[in-house]
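Chain by chain, the residues run as shown.
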Amino acid sequence: MLKLLEGRWKLIILFHLFGGAVLRFSDLERAIPAVSQKMLIQQLRQMEADGIVRRIVHHQVPPKVEYCLTDWGQALCPALDALLSWAALREDMT
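Here's a quick rundown of the structure. These numbers come from a predicted model, not from an experiment.

Scanning the protein for helices and strands turns up 6 helices and 3 strands. Judged by the C-alpha coordinates and their principal axes, the protein covers about 55 × 25 × 20 Å. By the burial criterion, 30% of the 94 residues in the protein qualify as buried. Pairs at least 24 residues apart make up 53% of the contacts formed inside the protein by residues separated by at least 6 positions. Surface exposure of the protein reaches about 6,500 Å², of which carbon and sulfur atoms provide 58%. Counting 11 positive and 10 negative side-chain charges, the protein places the centres of these two groups 9 Å from one another.

Set out below in structure tokens:
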């Protein structure tokens, strides 16, 4: 499972897509300014191949590509929230 989330940008992409968000590629680029276009494409393609992200292509001029989470990808939300809560415990215990 950790292999599916491996990568510097995957968790950040997930957080932007949680809650049923449907974002265009350019929206993700603006939301994550530190990521290069090449890396964002690579991470999205890996997540699509793993069944976490759905790529929606609208055949128009100019081309429009949107990304959203699959149902399985959306199911990651509670697990990642639990990890954030666990990490916050460390701060409370120190």
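Taken as a whole and assessed by the stated rule, the structure comprises 2 salt bridges. Between D27 and R30 there is a salt bridge, with the nearest N and O atoms lying 2.7 Å from each other. One end of the pair is D27 and the other is R30, both in helix 3 (residues 25-31) and 3 residues apart, which spans about a single turn. For D27, a relative accessible area of 28% corresponds to the partly exposed category. Ionic pairing is found between E66 and K64, a salt bridge with its closest N-O pair at 3.7 Å. Judged by relative accessible area, E66 falls into the buried class, the value being 14%.

Before going further, it helps to spend a moment on the nonpolar core. One finds I13, L14, L44, I52 and V53 to be the most contacted residues of the largest nonpolar core, which totals 22 residues. Of all the elements in the fold, those that place two or more residues in this core are helix 1 (2-5), helix 2 (10-17), helix 3, helix 4 (37-49), strand 3 (64-69) and helix 6 (76-93). Discounting chain neighbours no more than four positions away, the residues touching I13 are I32, L40, Q43, L44 and M47.

A cis geometry characterises the amide bond from V61 onward to P62, with omega recorded as -5°. With respect to the helices and strands, the residue P62 is situated in the loop between strand 2 (53-58) and strand 3.

The topology assignment puts T70 in the loop between strand 3 and helix 5 (71-74). Side-chain polar atoms of T70 contact the backbone oxygen of G51, separated by 2.7 Å. If near-sequence neighbours (up to four positions away) are discounted, T70 is found in contact with G51, I52, V53 and R54.

The next subject is the pairing of strand 3. Burial analysis of strand 3 places 5 of its 6 residues in the buried class, which makes it a mostly covered element. Note: strand 1 (residues 23-24) against strand 3, 2 bridges, orientation antiparallel. Bridged to L23 within strand 3 is Y67. By the bridge criterion, 6 bridges tie strand 2 to strand 3 in an arrangement that is antiparallel. Looking at the pairing, I56 lines up with E66 of strand 3.

Conventions adopted
- Residues numbered from 1 in each chain as written.
- Predicted model: local features only at pLDDT ≥ 70, side-chain atom pairs only at ≥ 80, totals over all residues.
- Heavy atoms only, no water.
- Helix = DSSP H or I, 4+ residues; strand = E, 2+ residues; numbered from the N terminus.
- Buried < 20%, exposed > 50% of the residue type's maximum accessible area, 1.4 Å probe, protein only.
- Contact = heavy atoms within 4.5 Å.
- Areas by Shrake-Rupley, 256 points an atom, 1.4 Å probe, with all protein chains shown as cover.
- Lys, Arg positive; Asp, Glu negative; His and termini not counted.
- Charge placed at Lys NZ, Arg CZ, Asp CG, Glu CD.
- Salt bridge = Lys/Arg side-chain N within 4 Å of Asp/Glu carboxyl O.
- Core = buried A, V, L, I, M, F, W, Y, C linked by side-chain atoms within 4.5 Å.
- Polar contact = N/O pair within 3.5 Å; in protein donor to acceptor, adjacent residues only side chain to side chain.
- Pairing = 2+ DSSP bridges.

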